[in-house]
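What follows is the residue order along each chain.
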Amino acid sequence: MHWYNKLKEYFPIEEMKSQEHMETLLNDKGNVYYKEEGPKHVLMYVETEDFVFVDYLFVSSAARGEGLGKKLLDSLKTKKKPILLEVEPVDESEPDTKKRLKFYAREKFTHAQKIGYNRRSLATGEQTILEILYWAPPQSSQADEQDVFNAMKTTYEEIHTYKDQDFYGDSYDSTDKVLHYQTKPKKNILEPFTTVSV
């Protein structure tokens, strides 16, 4: 199966970029936007001088329990830069949302509790609230949420909304409508998973 179809089957439509958008990113921004794929996985990510952003991480159900997701993240961790990603909050009707958060908690990710992120899908018109998780290299000074916010802003402006008019015939909302830095932290969505003994 083509890598794009694997992603499309796994991720909700409101979180998907079009195939044309992703292929254009791989061509036009090949110095920062990367694809790694194997028979059981697809990993799309952004790497800048300062951070790594995981755009899509798909591991097939056939590989569950093999530690493939961990291996893929470990390969990104060797770059010794903060790693950021977007994740859905727990949805009881979607068991994968809980499994995903448990996985990232085990991988020592932190919830960016001061960042509000509400993105309108051009495919469905729906507003999707996502949370930002990040991992900081142990030897670095802990990534600051303001740095994470700035990295998300860069990702949104240079990757998510890249040539949006060309691909979707519409523009995504402006950054200041989508991303908010708030002084009062939200509830930590990883907390229920960090107390579990491993």
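This text goes with the structure placed above it.
Residues numbered from 1 in each chain as written. Predicted model: local features only at pLDDT ≥ 70, side-chain atom pairs only at ≥ 80, totals over all residues. Heavy atoms only, no water.

Draft legend 1. Region of the structure containing the overall build of the protein. The helix and strand tally for the protein stands at eight helices and nine strands. Over its C-alpha atoms the protein spans a radius of gyration of 16 Å, differing by no more than 12% from the 16 Å that the globule rule assigns to 198 residues. C-alpha atoms of the protein, sized along the principal axes, occupy 50 × 45 × 35 Å. Sorting the 198 residues of the protein into buried and exposed places 48% on the buried side. Nonlocal contacts in the protein, meaning residues at least 24 apart in sequence, comprise 64% of its contacts between residues at least 6 apart. When the accessible surface of the protein is split by element, carbon and sulfur atoms take 48% of a total near 10,300 Å². Charge-centre separation for the protein: the mean point of 28 positive side chains lies 6 Å from the mean point of 34 negative side chains. (Helix = DSSP H or I, 4+ residues; strand = E, 2+ residues; numbered from the N terminus. Rg over C-alpha atoms; globule rule 2.2 N^0.38 Å. Buried < 20%, exposed > 50% of the residue type's maximum accessible area, 1.4 Å probe, protein only. Contact = heavy atoms within 4.5 Å. Areas by Shrake-Rupley, 256 points an atom, 1.4 Å probe, with all protein chains shown as cover. Lys, Arg positive; Asp, Glu negative; His and termini not counted. Charge placed at Lys NZ, Arg CZ, Asp CG, Glu CD.)

Draft legend 2. Examining the sheet that holds strand 9 (residues 179-181) more closely. Strand order in this open sheet of three strands is 7-6-9, and the pairing throughout is antiparallel. What marks the edges here is a single partner per strand, and that holds for strand 7 (127-129) and strand 9. The average undirected angle you get between the axes of adjacent strands in this sheet is 20°. One ladder, built from three bridges, connects strand 6 (residues 115-120) with strand 7; its direction is antiparallel. Pairing of Arg120 across the sheet is with Gln127, part of strand 7. (Pairing = 2+ DSSP bridges. Axes fitted to C-alpha atoms, helices over the stretch in contact; angles between N-to-C directions.)

Draft legend 3. Inspection of the sheet that holds strand 4 (residues 83-87) at higher detail. Taken together, six strands build an open sheet; the order of strands is 1-2-3-4-8-5 and the sheet is mixed. Two strands in the sheet have a free side with no partner beyond their single neighbour: strand 1 (33-38) and strand 5 (110-111). In this sheet, strand 4 lies alongside strand 3 (residues 52-59) in parallel orientation, the contact comprising three bridges. Of the residues in strand 4, the one forming a bridge with Phe53 is Leu84.

Draft legend 4. Spotlight on the layout of surface pockets. The calculated volume of the largest pocket comes to roughly 770 Å³. Lining the largest pocket are 34 residues, and of these Tyr10, Leu57, Arg100, Phe103 and Tyr104 lie nearest its centre. Those elements that place two or more of their residues in the lining of the largest pocket are strand 3, helix 3 (68-77), strand 4 and helix 4 (95-106). (1 Å grid on protein atoms, 1.4 Å probe; cavity = no way out; pocket = protein on both sides within 12 Å on 5 of 7 lines; lining within 4 Å. Points joined across faces, edges and corners; volume = space filled by probe spheres on them.)

Draft legend 5. How the structure looks around the side chain of His41. Within the element layout of this structure, His41 appears in strand 2 (residues 41-47). Relative accessible area serves as the criterion here: at 11%, His41 is assigned to the buried category. Excluding its chain neighbours within four sequence positions, the residues that come into contact with His41 are Glu36, Phe58, Val59, Leu68 and Leu72.

Draft legend 6. Representation of the packing of helix 1 (residues 3-10) against helix 2 (residues 19-28) within the structure. Interhelical geometry of helix 1 versus helix 2 gives an angle of 130° and a closest axis separation of 11 Å. Between helix 1 and helix 2, the crossing angle belongs to the class labelled oblique. The hand of the helix 1/helix 2 crossing is right-handed. Here helix 1 contributes Trp3, Tyr4 and Leu7 to the contact with helix 2, which in turn contributes Gln19, Met22, Glu23 and Leu26. Considered class by class, the residues forming the contact of helix 1 with helix 2 number five nonpolar, one polar and one charged. (Parallel < 35°, antiparallel > 145°, perpendicular 65-115°, else oblique. Left-handed = near helix turned anticlockwise from the far one by under 90°. Nonpolar A, V, L, I, M, F, W, Y, C, P; charged D, E, K, R; others polar.)

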